[in-house]
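Chains, contacts and geometry: an overview
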Amino acid sequence: MIDPLPQLPPSRLSRATNGDGDKEIWKPSWNCFCCQDTGRIQTNLIRLVIPKYDYNRDRIPVCQRLKCYEGSKLMHLKDNLDMRLTAAICGELDRISREDWNNTVSQKFFNIQELAKKKSMPNQIYRRTENDEREVQLRKQQAQFELDNPQACRQEDIDLEDI
Ligand SMILES: [Zn+2]
């Protein structure tokens, strides 16, 4: 008999909060922003150095950033590796990627703040729409009343404000 599958709690990604506690923004947890701890330089970063890089066709550019040892995991792939991206290049790619992430995260903070500001607006919009709708109905009723009672309308004015 096969054992039932284990039931595991969700494995959460590390998150950063903006101080409010309840608003969370995903923040990368990897140490190396050049290879995201895979040893393989991220494709978008490779293209900054090898513009025509093709993921499916070309050798794998290995991360050689100082203090990143993840590239050693790929060494068994030997001839399939591209070792031309030096420690200096990888260091620069790491810096660019870090900056990119910081911008992305702060942009998300900004978007959330904007969203929070707008949150008070839907109510106002809704109320106004509701009032407009009510006024349309009243005008329709008045028009219908005028059609149905041509004489009555000349004598008594229907005051919208009182309805
Ligand atoms: Zn790396």
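Note that the structure is predicted; figures quoted are calculated from it, not measured.

**Re the overall build of the protein**
Secondary structure summary: the protein contains 4 helices and 4 strands in total. Counting from the amino terminus, helix and strand elements in the protein follow one another as β-β-α-β-β-α-α-α. Counting over 163 residues, the protein shows a buried share of 13%. In the protein, 48% of the contacts between residues at least 6 apart in sequence involve partners at least 24 apart.

**A word on unusual backbone geometry**
The residue aspartate 37 is not glycine, and still its phi comes out positive at about 60°. Along the chain, aspartate 37 falls in the loop between strand E2 (24–26) and helix H1 (43–49). With 17 C-beta atoms counted inside 10 Å, the residue aspartate 37 sits in the partly exposed group.

**Describing the nonpolar core**
Cys32, Cys34, Cys35, Ile41, Cys63 and Cys90 are the most contacted members of the largest nonpolar core, which has 13 residues in total. When residues of this core are traced back to their parent elements, those giving at least two are H1 and helix H2 (87–118). Apart from residues lying up to four places away in sequence, cysteine 35 is in contact with Arg40, Ile41, Gln42, Cys63, Cys68 and Glu70.

**Points about H2**
Along its 32 residues, H2 runs 46 Å from first to last C-alpha, staying within 8% of the 46 Å computed at 1.5 Å per residue. Within the sequence span of H2, burial applies to Cys90, Leu93, Asp94 and Ser97.

**Quick word on the confidence of the model for the protein**
Here the protein shows a mean pLDDT of 81. Residues at 70 or above account for 75%. Within the model, the stretch residues 17–22 combines pLDDT values under 50 with 6 contacts to residues more than four positions away or in other chains.

**Observations regarding the environment of glutamine 36**
Relative to the helices and strands, glutamine 36 is located in the loop between E2 and H1. For glutamine 36, a count of 18 C-beta atoms within 10 Å translates into the label partly exposed. For the pair glutamine 36 and glutamate 70, spaced 34 residues apart in sequence, the C-alpha separation works out to 9.1 Å. Contact partners of glutamine 36, with chain neighbours within four places excluded, come to Trp30 and Gln42.

**Examining the environment of tryptophan 101**
When you line up the elements, tryptophan 101 lands in helix H2. Given 14 C-beta atoms within a 10 Å radius, tryptophan 101 is considered partly exposed. With 74 residues separating them along the chain, tryptophan 101 and lysine 27 place their C-alpha atoms 8.0 Å apart.

About the thresholds
Residues numbered from 1 in each chain as written. Predicted model: local features only at pLDDT ≥ 70, side-chain atom pairs only at ≥ 80, totals over all residues. Helix = DSSP H or I, 4+ residues; strand = E, 2+ residues; numbered from the N terminus. Buried ≥ 20, exposed ≤ 12 C-beta atoms within 10 Å, placed from the backbone. Contact = placed C-beta atoms within 7 Å. Core = buried A, V, L, I, M, F, W, Y, C linked by C-beta atoms within 7 Å. Expected span 1.5 Å × (residues − 1). pLDDT = per-residue confidence, 0-100.

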